[in-house]
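Chains, contacts and geometry: an overview
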Amino acid sequence: MGARSMDEAPAGWDEVATRLRARGLRWTAQRRTLVGVLAGTSGHVTGADLVERCRAVDPTTTPSTVYRTLDVLEDLGIVRHAHGADGREEFHVRPAADHGHLRCDRCLQVWEIGPDEARSLVAAIEAARGFTVDLSHLSISGRCAACREASPRG
Ligand SMILES: [Zn+2]
Ligand SMILES: [Zn+2]
Ligand SMILES: [Zn+2]
């Protein structure tokens, strides 16, 4: 379980238009394009990538519309953001559960740390500091096993 409070269940793709309208957002062609792109996306994707993919479908897409819509879609549980090594936002589409990330700073691979794996770490921080960890923003940089083996002292 993450720190996020869920006041509404995540929306299905078919409900997105209705949910956006309920938030006072019009269901425009640009938003329809973004939702279509997201439905075909899995794993981690940056906002810039999403803008690019939307522009491939609809060249009139503006970054501000994409980012504003992503904010609302995050409220609806459709996407969840984390941060890359450089601090840029990365989006997950319909994540099954909140998770943190391990990043190897040599080969730049990223692995997910699930709630079970993070439990003892999160519990220790909570017990020692009374601090509730947002698992989706837990990002640990270091050296993966393969890179350590290839270059033990590097
Ligand atoms: Zn953030
Ligand atoms: Zn590595
Ligand atoms: Zn992730």
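A short tour of the structure in this document, coming up. (Residues numbered from 1 in each chain as written. Chains lettered and ligands numbered in written order. Predicted model: local features only at pLDDT ≥ 70, side-chain atom pairs only at ≥ 80, totals over all residues. Heavy atoms only, no water.)

1. So, the overall build of the protein chain
A count of helices and strands for the protein chain gives six helices and six strands. When the helices and strands of the protein chain are read in sequence order from the N terminus, they spell out α-α-β-α-α-β-β-β-β-α-β-α. With respect to the three principal axes, the spread of C-alpha positions in the protein chain is 55 × 35 × 20 Å. Buried positions account for 38% of the 154 residues belonging to the protein chain. Of the contacts made within the protein chain by residues no fewer than 6 positions apart, 51% connect residues no fewer than 24 positions apart. (Helix = DSSP H or I, 4+ residues; strand = E, 2+ residues; numbered from the N terminus. Buried < 20%, exposed > 50% of the residue type's maximum accessible area, 1.4 Å probe, protein only. Contact = heavy atoms within 4.5 Å.)

2. Topic: the sheet that holds strand 5 (residues 110-113)
The sheet built from three strands is open, its strands ordered 5-4-6 with mixed pairing. In the strand order of this sheet, the two ends are held by strand 5 and strand 6 (139-142), each with one partner. Ignoring which end each strand starts from, the neighbouring axes of this sheet average 20 degrees apart. Pairing geometry for strand 4 (residues 100-104) and strand 5, over four bridges, is antiparallel. Across the sheet, the residue bridging to H101 is E112, located in strand 5. (Pairing = 2+ DSSP bridges. Axes fitted to C-alpha atoms, helices over the stretch in contact; angles between N-to-C directions.)

3. Thoughts on the coordination of the zinc ion (ligand 2)
The coordination sphere of the zinc ion (ligand 2), as far as protein atoms go, consists of C104 (SG), C107 (SG), C144 (SG) and C147 (SG), spread over 2.3 Å. Donor residues for the zinc ion (ligand 2), ordered by position in the chain, follow C-x2-C-x36-C-x2-C. Of this pair, C107 sits in the loop between strand 4 and strand 5 while C147 sits in helix 6 (residues 145-150); the two residues are 40 residues apart in sequence, bridging distant segments of the chain. (Donors = N, O, S within 2.8 Å, 3.2 Å for Na, K, Ca; no water.)

4. Topic: unusual backbone geometry
Not every positive phi belongs to a glycine, and L108 is a case in point at roughly 65 degrees. Here L108 lies in the loop between strand 4 and strand 5.

5. Comments concerning the pattern of salt bridges
All chains considered together, the criterion is met by nine salt bridges. Ionic pairing is found between R23 and D75, a salt bridge with its closest N-O pair at 3.3 Å. Of this pair, R23 sits in the loop between helix 1 (16-22) and helix 2 (29-39) while D75 sits in helix 4 (residues 63-75), placing them 52 residues apart in sequence. A relative accessible area of 38% means that R23 is categorised as partly exposed. Residue class for D75 comes out partly exposed when judged on its relative accessible area of 47%. Note that E90 and R103 form a salt bridge whose closest N and O atoms lie 3.8 Å from each other. (Salt bridge = Lys/Arg side-chain N within 4 Å of Asp/Glu carboxyl O.)

6. Comments concerning helix 5 (residues 115-129)
Of all bends in helix 5, the biggest is about 30 degrees, found at L121. Phi for G130, located one or two positions after helix 5, is positive at around 65 degrees. (Bend = angle between axes of the 7 residues up to and from the residue.)

7. Here we look at the coordination of the zinc ion (ligand 1)
Taken together, H81 (NE2), H83 (NE2) and H137 (NE2) make up the full set of protein donors to the zinc ion (ligand 1), lying 2.1 Å away. Each donor residue of the zinc ion (ligand 1) lies on one chain, and together they are spaced H-x1-H-x53-H. Residue H81 is found in strand 2 (residues 79-83), and its partner H137 is found in the loop between helix 5 and strand 6; the two are separated by 56 residues along the sequence. Its relative accessible area of 16% is what places H81 among the buried residues.

8. Digging into the side chain of T33
Along the chain, T33 turns up in helix 2. Judged by its relative accessible area of 13%, T33 falls in the buried class. Those residues in contact with T33 that sit more than four places away from it in its chain are C54, V57 and D58.

9. Remarks on the nonpolar core
In this structure, L38, L50, L70 and L73 are the most contacted members of the largest nonpolar core, which totals 21 residues. Listed in part, the six residues of the second largest apolar core include I113, A118, V122 and L135. (Core = buried A, V, L, I, M, F, W, Y, C linked by side-chain atoms within 4.5 Å.)

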